[in-house]
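Summary of structural features
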Amino acid sequence: MSQGFSTRAIHAGYDPDPLTGAVNVPIYASSTFAQDGVGGLRGGFEYARTGNPTRRALEANIAALEGGTFGRAFASGMAATDALLRATLRPGDHLVIPNDAYGGTFRLIDKVFTQWGIDYSVAPITDADAVRAAITDKTKLVWIETPTNPLLNVGDIAVLAEIAHGAGAKLVVDNTFASPYLQQPLALGADVVLHSTTKYLGGHSDVVGGALVTDDEQLDVDIAFLQNGAGAVPGPFDGYLTMRGIKTLAVRMDRHSDNAERVVEFLSGHSKIEKVLYPGLPDHPGHDVAAKQMARYGGMVSVLVAGGLEAAQDFCARTEVFTLAESLGGIESLIEHPGAMTHASTAGSLLEVPDNLVRLSVGIEDIDDILGDLEKALH
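Let us look at the structure shown here. (Residues numbered from 1 in each chain as written. Predicted model: local features only at pLDDT ≥ 70, side-chain atom pairs only at ≥ 80, totals over all residues. Heavy atoms only, no water.)

**What about the layout of surface pockets?**
Of the pockets and cavities examined, the largest pocket occupies roughly 430 Å³. Contributing to the lining of the largest pocket are 26 residues, with Met 78, Tyr 102, Asn 149, Ser 196 and Lys 199 lying nearest its centre. Only α3 (77-88) and α4 (103-111) provide two or more residues apiece to the lining of the largest pocket. In terms of residue count, the dominant contributor to the lining of the largest pocket is α3 (three residues). Here the residues of the lining of the largest pocket sort into nine nonpolar, eleven polar and six charged. For the lining of the largest pocket, the domains that each give at least three residues are domain 1 (3-242) and domain 2 (249-376). (1 Å grid on protein atoms, 1.4 Å probe; cavity = no way out; pocket = protein on both sides within 12 Å on 5 of 7 lines; lining within 4 Å. Points joined across faces, edges and corners; volume = space filled by probe spheres on them. Helix = DSSP H or I, 4+ residues; strand = E, 2+ residues; numbered from the N terminus. Nonpolar A, V, L, I, M, F, W, Y, C, P; charged D, E, K, R; others polar. Domains from an automatic or database assignment.)

**Considerations on the nonpolar core**
Counting residues in hydrophobic clusters, the biggest one holds 56 residues, and the most contacted among them are Val 263, Val 276, Val 301, Val 303, Phe 315, Val 358 and Leu 360. Per-element accounting of this core gives the leading share, seven residues, to helix α10 (residues 249-268). The residues that make up this core include at least three from each of domain 1 (3-242) and domain 2 (249-376). When neighbours within four sequence positions are excluded, Val 263 is seen to be in contact with Leu 360, Val 362, Ile 367, Ile 370, Leu 371 and Leu 374. Ranked by size, the runner-up nonpolar core spans 27 residues in total, among them Ala 83, Phe 106, Tyr 120 and Leu 141. (Core = buried A, V, L, I, M, F, W, Y, C linked by side-chain atoms within 4.5 Å. Buried < 20%, exposed > 50% of the residue type's maximum accessible area, 1.4 Å probe, protein only. Contact = heavy atoms within 4.5 Å.)

**Digging into the side chain of Thr 342**
Positionally, Thr 342 belongs in the loop between β11 (334-336) and β12 (357-361). Classification of Thr 342 as buried rests on a relative accessible area of 10%. At 2.7 Å, the side chain of Thr 342 forms a polar contact with the side chain of Glu 336. Looking at Thr 342, its side chain comes within polar contact range of the side chain of His 343, at 2.8 Å. When sequence neighbours within four positions are dropped, the list of residues in contact with Thr 342 reads Tyr 102, Gly 103, Glu 326, Glu 336 and Arg 359. (Polar contact = N/O pair within 3.5 Å; in protein donor to acceptor, adjacent residues only side chain to side chain.)

**Some details on the sheet that holds β11**
Taken in spatial order, the five strands make up an open sheet running β8-β9-β12-β11-β10, and their pairing is mixed. Of all the strands in the sheet, just β8 (273-277) and β10 (323-324) have a single pairing partner and so form its edges. Pairing of strand β9 (residues 300-305) with β12 involves five bridges; the strand directions are antiparallel. Looking at β12, one finds that Val 303 is bridged to Val 358. Here α10 sits on the sheet in contact with β8, β9 and β12, set at roughly 150° to β8. (Pairing = 2+ DSSP bridges. Axes fitted to C-alpha atoms, helices over the stretch in contact; angles between N-to-C directions.)

Below, the structure written as structure tokens:
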């Protein structure tokens, strides 16, 4: 029987332990596993880098949420990014990335993978023709985020999948901002979905992790080889914390979205704000696409602050409910200045962000306290 999202979030990947009846997945804090004779593995486990029962439950859970067949968990979102790039690219290959990609993704590609003969082009994911023009006969990946970090641009996943597949390339969708509750890239034609599980999936700012989900069996085999061979895997406690967070993903995302919509309404009419960037706004360039492929518009809001760099940094320094910190997607509200923080690595490149840009990760606190904090900070 087909189950709803929240039911899968709570139950997928784990049944109560048959020995003890434990409702929550146990934390299997073991680095190695006893074998019943040479090569006689109990449940397929031999060494915790290769596999761990807690991690296996998490991987099955995330795959179920994305509607995918195979899931692999990693020690961070960047570890998942690195594994996917190494599983799919070889010297001489080419990939296309957004012109406003996450700074860490850009840094890894620009500073590390180019040294190994990988080439890349940037293109606005909002422009299908520009993405098509950026593809070469050596392109193996079209890598997108939607919504993007931090400008919240929206790409049409189905259209971009068709373009990538027409060129013999795979489409990767970083679904971190939307979460699987709001968006299902595999169902729209994507080949791989990537998450920083640190963000909305974990949801409590207490665990770092990453994940990859695909329906491509050979790609999963290649990813699994690197997961084991390079060893950037999460520990069992990390897996437990992430699964604990996922159980409340649906209710949290609804509250994040509710609060973000109120924040957008407040900031859109404020004299100190030059522009609000949010896919839920009817005048957002990607609104129609977002309405088509997202259930709601999420908890991330970016703004251009009137008065330039100094005004933007002053805004960040004056909040109290919003904590000045990197990361996003936790229950608490966070504020940051991308140009000096999460996206500092893009300075001087085609991906450089405006110096008056401020990114808000709207939490699930009482909305009156959130709005009061913003009003005071902008006064």
